[in-house]
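Fold and contact review
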Amino acid sequence: MSAGRPPRIQVTGRSRAGKSTVRNALSLISAEETAPLDVPGQPDPVLDGDLLLYILPGVLGPADRRVLATLPPDRTLVVLNKADTIGTRWSDAALTADRHTTALGIPTFPVVASLAVHTRAGTFTESDLRTLHRHRTRTDPAFTLTPDLFTDPAVAEDTPARRTLLTRWDLYGISCALTALRHNPTLHPHPLLQILHSASGIDPLHQALHRHYQQATTRLTRESPTHQADPAPDNE
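Residues numbered from 1 in each chain as written. Predicted model: local features only at pLDDT ≥ 70, side-chain atom pairs only at ≥ 80, totals over all residues. Heavy atoms only, no water.

This next bit is on the pairing of strand β3 (residues 51–56). Where burial is concerned, most of β3 is hidden: 6 out of the 6 residues are buried. Side-chain alternation along β3 places Leu 51, Leu 53 and Ile 55 on one buried face and Leu 52, Tyr 54 and Leu 56 on a second face that is also buried. Relative to β3, strand β1 (residues 9–13) runs parallel, the two being bridged by 5 bridges. Paired with Val 11 across the two strands is Leu 53, which belongs to β3. Considered for its hand, the β-α-β crossover made up of β3, helix α2 (residues 62–68) and strand β4 (residues 76–80) is right-handed. (Buried < 20%, exposed > 50% of the residue type's maximum accessible area, 1.4 Å probe, protein only. Helix = DSSP H or I, 4+ residues; strand = E, 2+ residues; numbered from the N terminus. Pairing = 2+ DSSP bridges. Right-handed = clockwise from strand over helix to strand, strands pointing away.)

Now the structure itself:
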């Protein structure tokens, strides 16, 4: 069997949807990131990839609906990025993704791509853990509600450490880490990192992407001009 060309993956969506972040979270080095779909006066990019990742930051807008209606459902995955900003719990983002899946007829996955990038690139340092443990007994949701509240000097004297933690893990990652440490204060860096990686939602998306990539590879192989069955030998 002769192999066809590798599938072309395109990552598309509106401005500031997080296309680059999702691409990095999935390590899609060779994927094509398109121009935004909502630039006034600019035509939509040509979406003719073998596999399309549509990055959706929350609510479906008119531009999203218009473009998604034209995409082939069997070659498209929708990434509901910034899922931590939808509702107050992960279940809110999951329900939103399910509604989008039903409405669009395209699988939709809730993801916090920024956290997945952090868990892929780093690990918890001893300094990170000390800062988290100093504040793990704080149960006021407002503490991790905004960057300003989290780094407020009035909270404690370790403002520089909290700013460093915020840079490394974002508010959602910090909130997940604090919750995990409240349940198990003995957690070491590696299992804590695994918990945050799972909380990012990236694994189900990665698995679906892998399946679609395999399907695209098979389809391209069958369509390849060099994929021809050898003629049966003459029995003369």
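Throughout the structure, instances matching the rule amount to 8 salt bridges. In this structure, the salt-bridge partner of Asp 44 is Arg 66, at a minimum N-O distance of 2.4 Å. With Asp 44 in the loop between β2 (32–33) and β3 and Arg 66 in helix α2, the pair connects residues that are 22 residues apart, well separated along the chain. Classification of Asp 44 by relative accessible area gives partly exposed; the value is 33%. Among the residues examined, Arg 66 registers a relative accessible area of 41% and is labelled partly exposed. Connected via shared salt-bridge partners are Arg 8, Glu 32 and Asp 48. (Salt bridge = Lys/Arg side-chain N within 4 Å of Asp/Glu carboxyl O.)

Before going further, it helps to examine the environment of Asp 84. Mapping Asp 84 onto the fold places it in the loop between β4 and α3 (90–104). On a C-alpha basis, the gap between Asp 84 and Ala 199 in space is 9.8 Å, while along the polypeptide they are 115 residues apart. Excluding anything up to four places from it in sequence, Asp 84 contacts Val 112 and Tyr 172. (Contact = heavy atoms within 4.5 Å.)

Running from N to C, helix α7 (residues 159–183) and helix α8 (residues 189–199) point in directions that differ by 125 degrees, and their axes come no closer than 10 Å. On the basis of their axis angle, the class for α7 and α8 is oblique. Of the two possible hands of crossing, α7 and α8 adopt the one that is right-handed. Every residue of α8 that contacts α7 at Trp 169, Tyr 172, Gly 173, Cys 176, Ala 177, Ala 180 and Leu 181 is listed here: Leu 192, Leu 193, Ile 195, Leu 196 and Ala 199. Broken down by class, the residue content of the contact of α7 with α8 amounts to 11 nonpolar, 1 polar and no charged. (Axes fitted to C-alpha atoms, helices over the stretch in contact; angles between N-to-C directions. Parallel < 35°, antiparallel > 145°, perpendicular 65-115°, else oblique. Left-handed = near helix turned anticlockwise from the far one by under 90°. Nonpolar A, V, L, I, M, F, W, Y, C, P; charged D, E, K, R; others polar.)

Distances and angles like these do not, on their own, reveal function.
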